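Here is what each chain is made of, one letter per residue.
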Amino acid sequence: MEKKAKVRDDGIALDFEVGDEDVEIINVKSSPCPLLVFSPTTEGSYPVLLFFHGFMLHPDSYKSLLLHISSHRYIVLAPQFSPMTSQSEVKKARKIAEWLSANKLDSILPEKVLPDLLKVAVAGHSRGGKTAFALALAYEPRRAAIDEEQPPLKLSALLGIDPVAGSSCFCSPNILQFIPYSFDQSIPVAVIGTGLSNQRAYGVCPPGAPNGINHAEFFNESKPPCYYFMAKDYGHADMLDDGTTSLMGIVMKSGKGSKKSLRRGIGGIFVAFLKAYLEGQADDLINIVESPNRAPITFDPVISIEE
């Protein structure tokens, strides 16, 4: 018998609601760069998510989203990158992964809370999404090519929220090949795009994620299993917390829908995907893909390509 995702009375899947786990937010300075850590407080071992922020942003801008994910029993690490080139961010991301693999996190977490380093996912928004892809593809910046060497930490899943590449020297490495299924990745991928990210704000500001180098191309180059969710009524910066002050939030095209609902929508996709590929519990993801109306916003299209 087919299992169904647990839903509210109105049909919304519970992954889109904040979970039952209490979360402690920890500021960490003793790491390769400052970290904002979101940790469950109940004794146990938990999967880990590395999350990279967008250009000129900071982890606080995603606090609501990351709290949502962590409340479903995940440890979330969000590094703060100082303004730097994309290539430098990839180097710093590798250092964070090395720091994590050396068990440096254990002493920072609440008592009797442990990270399960056999269940680690990586994700990011905007340029941070590209950094997540670059890390998962084991990119070594000094070689200016996709490295055959394995990354310092075994990764089991990859997610991008409106990932965007670029062509300037500040956007190196240019990981896009513009060939379908060309990413040399062996882990499952979920890409969440926004429908307005390729549009100009006020008719003059450049789009946050132009066609050809945005979420659609990242999905196009991903090997199965891969998933695509388009939040068609929202813009590139709409998932940021209310009150976030950033250039991105000012100059990007924004949708008219509830930003809180978008954050719930993205959070629920993260939770269902992590359950499926870190914990072997795929029912929620399958049911959301088959019935996107279980989400609090419209995801259209929703695409699933299996192996």
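Scroll up to find the structure this text is about.
I will try to describe carefully the structure that is included in this document. (Residues numbered from 1 in each chain as written. Predicted model: local features only at pLDDT ≥ 70, side-chain atom pairs only at ≥ 80, totals over all residues. Heavy atoms only, no water.)

**Focus on helix H1 (residues 63–70)**
All of the buried residues along H1 are Leu-65, Leu-66, His-68, Ile-69 and Ser-70. Structurally, H1 contributes buried residues whose contacts are with strand S1 (23–28), strand S2 (35–40), strand S3 (44–52), strand S4 (75–79), strand S8 (157–161) and helix H6 (259–279). (Buried < 20%, exposed > 50% of the residue type's maximum accessible area, 1.4 Å probe, protein only. Helix = DSSP H or I, 4+ residues; strand = E, 2+ residues; numbered from the N terminus. Contact = heavy atoms within 4.5 Å.)

**Considering unusual backbone geometry**
Cis peptide bonds are those with omega within 30 degrees of zero, and the linkage from Pro-224 to Pro-225 qualifies with 0°. Looking at the element boundaries, Pro-225 is found in the loop between helix H4 (215–220) and strand S10 (226–231). Unusually for a residue other than glycine, Asn-103 sits at a positive phi of about 60°. By the secondary structure assignment, Asn-103 is in the loop between helix H2 (86–101) and strand S5 (113–125). In this structure Asn-103 comes out as partly exposed when scored by relative accessible area, which is 45%.

**Observations regarding the packing of aromatic side chains**
In total, this model carries 10 aromatic pairs according to the counting rule given. Ring centres of Phe-133 and Phe-218 lie 4.9 Å apart, and the angle between their planes is 65°; on these two criteria the pair is classed as edge-to-face. Placement of the pair is Phe-133 in helix H3 (residues 127–136) and Phe-218 in helix H4, with a sequence separation of 85 residues. The buried category is assigned to Phe-133, whose relative accessible area is 1%. Looking at Phe-218, the relative accessible area reads 0%, which means it is buried. An aromatic cluster of at least three residues, connected via ring pairs, comprises Phe-133, Phe-183 and Phe-218. (Phe/Tyr/Trp six-rings, centres within 6.5 Å; stacked < 30°, edge-to-face > 60°.)

**Some points on the pairing of S5**
In terms of residue burial, S5 counts as a mostly covered element, since 10 of its 13 residues are buried. The pairing of S3 with S5 spans 8 bridges and is classified as parallel. Across the sheet, Leu-50 pairs through a bridge with Val-122, a residue of S5. Inspection of the sheet shows S5 paired to S8 by 5 bridges, in the parallel sense. Among the inter-strand pairings, His-125 is bridged to a residue of S8, identified as Ile-161. (Pairing = 2+ DSSP bridges.)

**Observations regarding the pairing of S2**
With 6 of 6 residues buried, S2 is to be regarded as a mostly interior element. Side-chain alternation along S2 places Leu-35, Val-37 and Ser-39 on one buried face and Leu-36, Phe-38 and Pro-40 on a second face that is also buried. Of the strand pairs in this sheet, S1 and S2 are connected by 6 bridges, and their pairing is antiparallel. Its bridge partner being in S2, Val-23 is matched across the sheet by Pro-40.

**Some points on the packing of H6 against helix H7 (residues 283–290)**
Interhelical geometry of H6 versus H7 gives an angle of 130° and a closest axis separation of 7 Å. Classified by the angle their axes make, H6 and H7 are oblique. Mapping the contact onto sequence places Ile-269, Ala-272, Phe-273, Lys-275, Ala-276 and Tyr-277 in H6 and Asp-284, Leu-285 and Ile-288 in H7. Here the residues of the contact of H6 with H7 sort into 7 nonpolar, no polar and 2 charged. (Axes fitted to C-alpha atoms, helices over the stretch in contact; angles between N-to-C directions. Parallel < 35°, antiparallel > 145°, perpendicular 65-115°, else oblique. Nonpolar A, V, L, I, M, F, W, Y, C, P; charged D, E, K, R; others polar.)

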